[in-house]
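Structural overview for review
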Amino acid sequence: MRGYLLLLIIGFCNADDFSSLRFRAPNQTSTANGHGPQLAVDGDLSTCSQTSGPGEWYIPLKGVAVINDVQIEVSSGSLGRLIHQAQVYAGEVFCGEIIYKAGTTSFSISCDGIPAGIIRIRQQFSALSICEFKLSGRRVLGYAGLLHNIAPGHNTWMSSVAHGGEAARSNDGNTNSLWSQASCSHSQYNYNNTWQVNLMFEYSIDRVVVHHRRDSGTGKYINGMEVHVGEMMCGKIHYIPNVFVYSVKCPPGHRASSVKLVQNHDYMMQCEVQVLATEGSMEHVKEQVGPLLSVDFPTDQSTTNGVYRSALAVDGNTNPNLNAMTCSLTGANTGNWFRLRLMRPTKIQVIKIYKELRYGAYVNQAKVYVGDEFCGQVLHQNAQKVYSFSCGGAVGDTVWVYQDANYLSMCELEVYGQFSTDGEELLRLKGGFPTSGGNTDRFKVIDGGKSGRWSDRSCTNLNPAWFGVDYLESYLFKKVVVHTRMDTVDSTTDGAVITVNGEYCGTVEWKRGIYVYPVECENGGLYGNNVQIHGQGTTMNLCELEPLVTKSSYDAANTRIGENVALKKETEMTRTSGQYVSKLAVDGKRGGVLAHGFCAQTIYPGAFITNEWKVNLNGLYRVSQVHIYPRTDAYVNYLNKAKVYLDQQFCGEIIYWDRIPFYQISCGNMIGETVRIIGTEREMTLCEVEVYGKEADEDDVDPTEPDPSPTVGPTESPFVKATQESLRWERLVNVAPGHVTSQSEVYSYGYAANGNDNRTNGVWGHQSCIHTQVVHVTARPTVWWKVNLVFNYHIRKVVVHNRLDGSFHHINGVKVYAGEHECGEITYVPRQFTYVMDCGTDVYANSVKLVQDTPGLYLLVCEVEVMVPQRNVDLINSNIGDNLAQGKPTKQTTTQTAHATYGTYTSDLAVDGRTSGVLTDKTCAKTISNNYFSRWEVNLEGRVHVNVIKIFGVTGSSLLNKAKVYVGEVFCAQLFVQPKQHVWMVECGDAVGFSVSVVQDEGQLELCEVQVFGHYVMNGTLLTNVALQKNTQQSSTVSGGEAARAVDGHPNSVWARQTCTYTSNTANAYWMVNLLASYEIRTVVIHVSSNYNPALVAGAEVIAAGRWGSEVTCGQMMAEPGTFVYKIQCPPSTVASTVRVRHEKASLILCEVEVLATRESVNRVEDGLGWIISQGMNTEQSSVEGTALSENAVDGNYTQRHGSHGVQCAVTLHKTNSWWKVHFDEIKVVTRVVIYNRLDRYPERLNTANIYVGETFCGQVLYQKAQTVYTVDCDGIVGSEVVIRNDNGAIQLCEVEVRGHSVA
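Residues numbered from 1 in each chain as written. Predicted model: local features only at pLDDT ≥ 70, side-chain atom pairs only at ≥ 80, totals over all residues. Heavy atoms only, no water.

1. Thoughts on the sheet that holds strand β47 (residues 741-743)
Strand order across the open sheet formed by 5 strands is β47-β49-β54-β51-β52, with antiparallel pairing between neighbours. The two strands at the open ends of the sheet, each matched to only one other strand, are β47 and β52 (821-825). Taking each pair of neighbouring strands and ignoring which way they run, the sheet shows an average axis angle of 20°. (Pairing = 2+ DSSP bridges. Helix = DSSP H or I, 4+ residues; strand = E, 2+ residues; numbered from the N terminus. Axes fitted to C-alpha atoms, helices over the stretch in contact; angles between N-to-C directions.)

2. Here's the deal with the sheet that holds strand β46 (residues 732-734)
Strand order in the open sheet formed by 4 strands is β46-β56-β50-β53, with antiparallel pairing between adjacent strands. Only two strands of the sheet have a single partner each, and these edge strands are β46 and β53 (834-838). Adjacent strand axes in the sheet meet at a mean angle of 25° when their direction is disregarded.

3. Section: the confidence of the model for the protein
Low-pLDDT stretches of the model should not have their predicted coordinates read in fine detail. When pLDDT is averaged along the protein, the result is 88, and 95% of the positions lie at 70 or above. Considering only residues more than four positions removed or in separate chains, one finds that residues 1-19, a stretch of pLDDT under 50, has 50 contacts. When the criterion is pLDDT under 50, residues 701-728 qualifies, and its contacts beyond four places in sequence or with other chains add up to 51 contacts. (pLDDT = per-residue confidence, 0-100. Contact = heavy atoms within 4.5 Å.)

4. Focus: the nonpolar core
Within the largest apolar cluster, 68 residues are counted, with the highest numbers of intra-cluster contacts made by W613, V626 and V691. Each residue touching V626, except ones within four places of it in the same chain, is listed here: V644, Y663, Q664, I665, C667, V675, V689, E690 and V691. With 40 residues, the next largest nonpolar core counts V735, I770, V843 and V948 among its residues. (Core = buried A, V, L, I, M, F, W, Y, C linked by side-chain atoms within 4.5 Å. Buried < 20%, exposed > 50% of the residue type's maximum accessible area, 1.4 Å probe, protein only.)

5. A word on the state of the cysteines
Within the structure shown, the criterion is met by 18 disulfides. With its sulfur 2.1 Å from that of its partner, C95 forms a disulfide with C111. Measuring the twist about the S-S bond at about 115°, one finds the C95-C111 disulfide to be right-handed. In this pair, C95 sits in strand β5 (residues 93-97) while C111 sits in strand β6 (residues 106-123), placing the two residues 16 residues apart along the sequence. Here C95 matches C111 in class, with each residue buried. Residue C505 pairs covalently with C521 via a disulfide, S to S 2.1 Å. Around the S-S axis, the bridge from C505 to C521 shows a dihedral of about -90° and counts as left-handed. Taken together, the residues span a long stretch of sequence, with C505 in strand β32 (residues 503-507) and C521 in the loop between β33 (516-520) and β34 (526-534) at a distance of 16 residues. Assessed through its relative accessible area of 7%, C521 is described here as buried. (Disulfide = S-S within 2.5 Å.)

6. Describing the pairing of strand β16 (residues 255-263)
In the sheet, strand β12 (residues 193-211) pairs with β16 via 8 bridges, with the strands oriented antiparallel. Paired with S204 across the strands is R255, a residue of β16. Here 4 bridges tie strand β13 (residues 226-229) to β16, and the two strands are oriented antiparallel to one another. In the strand pairing of β16, H228 is matched with K260.

7. Quick look at the pattern of salt bridges
Within the structure shown, the criterion is met by 39 salt bridges. Put simply, R255 and E202 hold a salt bridge, and the shortest N to O gap is 3.8 Å. Of this pair, R255 sits in strand β16 while E202 sits in strand β12; the two residues are 53 residues apart in sequence, bridging distant segments of the chain. With relative accessibility at 23%, the residue R255 sits in the partly exposed group. (Salt bridge = Lys/Arg side-chain N within 4 Å of Asp/Glu carboxyl O.)

8. A few points about helix α2 (residues 551-561)
Along an α-helix, a turn takes 3.6 residues, which lines up residues three or four apart on a common side. Of the positions making up α2, those classed as buried are S553, A557 and I561. Viewed end-on, α2 has its buried residues packed into an arc of 85°, placing them on one side of the element. As for α2, its buried residues are in contact with β30 (466-483), β34, β36 (544-550), β37 (563-564), β40 (612-629) and β45 (688-695). Phi for G562, located one or two positions after α2, is positive at around 100°. (Arc of directions from axis to C-beta.)

9. Structural notes on helix α5 (residues 1159-1169)
Buried within α5 are the following residues: S1161, V1162, V1165 and L1169. The arc that holds every buried residue of α5, seen down its axis, measures 100°, which confines them to one face. Along α5, exposed side chains directed more than 90 degrees from the buried face belong to R1164 and D1167. Here the buried face of α5 lies against β67 (1023-1025), β69 (1069-1088), β74 (1150-1158), β75 (1171-1172), β78 (1218-1237) and β82 (1292-1302). Phi turns positive, to about 85°, at G1170, one or two residues after α5.

Printed below as a string of structure tokens:
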């Protein structure tokens, strides 16, 4: 076979002497005194050639000859001594060295039949003089066995280096063996010294020639040196005094791709190693390598220094001088790169880099890639002029050279291979994938940084010594490239094991001076998504991990991932910065330089504000991944900790990695139509957002059928149970915002409402986190936070957002409960800020609670998201009903007028559908400042069964604190403002009414929106407060706290407002209201004072009594901290005419008592009372004060202030025996007299006024300051007039309402 024989002679001449060989003209490297090279072959011993210094004399043959002997004649004079230590070469093969002896003029060197086409005589220590040259050998007519030194230009390595004696000196082509000539290698003093040259391909190696140092005393260090060719030791060198060149032969036909020298003692020193291979095997390798492909193909580089453009590196000129304009050169930067574009798929075998001789360090540690596949690294040595790398047939259309420091300069880049579609390209998976193991900066292992220097923040110390990365999809991993530290001797990766999904891939075998280790996975590669590397020690330094996958598996994964469905879709964002509008993030351009106009950017949001960008996908999609390309020219860390959502579903968070090309967030194939990116406290720049997925199928979004008759009680499920598979793709929504929260206690401004304020900003100073006191073993064994969801939801996940700026570890051990079900316990992970707790598929609850019971920790979280299926929410909402308040008629007691810009805060703004929570947005209703009472009301224009009332207040305002919510006259709930809370969800149970009102007894009202959810009904029990302004009494009165205050219609709980009763602290203290008729009583609502210890009400009984002495105990009040309103349910069918509140052991302080009776029973009473028979009838009075005529009391105007807006009351002069009377047009049955007292002046004058029907006494008014209306039951007395007498002074009546009917 061609190229595999050491020598193949096709034909030769019989002659074996000098005359039979044909020569070309001789030459020499220099000439002294006119003694040219031809004088050595002129046949005249008296004429000699001479060089002017160390150099070479050589003579080419015409053709090839097998060389036997070389004979040299020299001068007998002083010039003869110049031949000492001259070396004789047949071609590139060393034949021998001449040792001069005084008096000797003829020297013969045997070449042992080496085939050659040229003879060289080299002198490296002095000038060279030859008087006559003769050669014996045989002319060869055909040949294939010429030997060539293949060592130069190949990369070398040595186990250690001393005194600058780098490994490359041993194959630099310079056989000078004096140390002073800087051409010898030198190891440190060690055992097991090794020098190695990597030949990249297998050659048929005939021999290895080692040139040793010839300095005094160094010869012994070569003794015992082993010469290994591939796996075979071809021989061992035995030192011979004064012999400095040793040739070690290998068996014929031996093939290898490397040569290694091993010295097991002292130092290793050699000045040149020549590896002689047959020309036939070289031709075979040349065929494997392929032709030079790189010349004149397109190139570019990171920057260009002056005129040294990238194209100079592929101009075909290897001149190593920068000034010759044949070398490329970048600027002095980090992150330098050079790119060669071959324009088509290419199978690349070899890449060579020719360095600039003066600035050779400019290519030091540069890494060479074909596409994403690592080929090799330049390890600069001064003696090395060219660096060669085997790429093993890597397929790609681009060659990259990366240099992370100083400059990058190359005088030529040669790429050898074949333009071919054979073979499969390997790709590196780039992006911000989830990582595990090691420590907080483990992300540096896949950040793309290749410098290998600790100072560049490109490496990490893994403690514990392992690292893993989840690539989210399955790929075929062929190779994993491990980059180690290059700025120190670091062996911590030695023996590190690489696995793919737990299966063994390979092991790192560390070598001193080698920094990059490609590890081939066994068995042709491994399928999986998780790659891990495990070190053998406790810590491991790692700079980069590059797993490479086949293009086919990459394409298959991309098919599963889906297409970019965000491209050119509709976008929006908060607070745009200049021209960098939101749509630039989906324009298909990934450029990371802001000024190029490819990026969307928000402005700096300021404290307490977060930026948000979103894209509407225009339909429901099953989203697999979101790729986010950050800005690269500045402020590259401003996306750090941003969170990615699909609708309301948390996908993942961005953790900033230096140099990362893009962040890859998995959405786990969730269903949604809007992708949102929520930033933190910085401006947010998005240079491209790519959303990968597929359009959702009907089965994906309609996984289960609702129960045909669903209920939404505290325990019932609003769903038919669904299977795990049918729920797999269901869209989840967050139901926590807007619900009332509580916690065990508050530290600083870590209020409970911060936990569901819909702000995931975890910066403590932005006041969006909850914070309890610390857990203490005895004083405080647990701390907790809770959200009341009102309804029973199908809770699938609870997402907990940790603090972002410190105290991270306090989340460790937090238990998450949905109702009584424990969803899980959080384990703190460094640099993870969001934790998703899976509650399973069968959990239904109306609350979520977080509990911390680890001593020394406190509960500190910044948002809790409760995720439930959208269909579950829809079903509950359908039962709750629609918002019936929007656009309906409204009114309020007063209206606040703002300045010209903001207009007037009218009542209708609270039902305009806008919930901004910002007063200046002109979307809120507001009353004027009032110390006593404000009321807002919406008329629902029909009878409504109200389920839920949702109230939006003004963000940051406390004006809604303690406001009370009513449906009609039925109390629903009292609002308590926590700092940061401005939304309340109020459950109203079975309340039915025509209106909803919000009452504030402590000042102004601010309402940005009131939403009333319910259903219009034909029937339904209406309740009415029948206690209002009825007659009251109590066991005693303290500090003016008279009984009538509890029915004055002002449920203000502040004692100073003078609207609360107060009895003395005596046994059996009581308060009572006389309803004057029997009603069916459902509920008694008692408002107590917020100024007194709530424990005072504990044990108070509510008793309803009928007219004939029957009593029913409706219930007992149980004190609850922070509660000022108690709803006491009476037993069904309770009928009573009085309600009494009794306490056996404490004072009674009641601010309002509302007795709610059914409208049916009220109507029956009203029917029994008859109609108003007084209005418009003839009247008279004992005297008249001014224009306060008697008829003013029956004019139908119930205003209780005389002279107010022209209103008149009936007023007599202040005399004894004053009276007022109304005459009927016939005899009437009088059932009730209702008197509306004058309030603006002397209201007490009504005290002890007596009421008569004709001459029959009906009743007496007992004045109480808080009572404005007095009702006297006349029980059907018959008469033609009603008389009101006051024996002690004037009578003041603003309206008198006489109820009755005609005599049957």
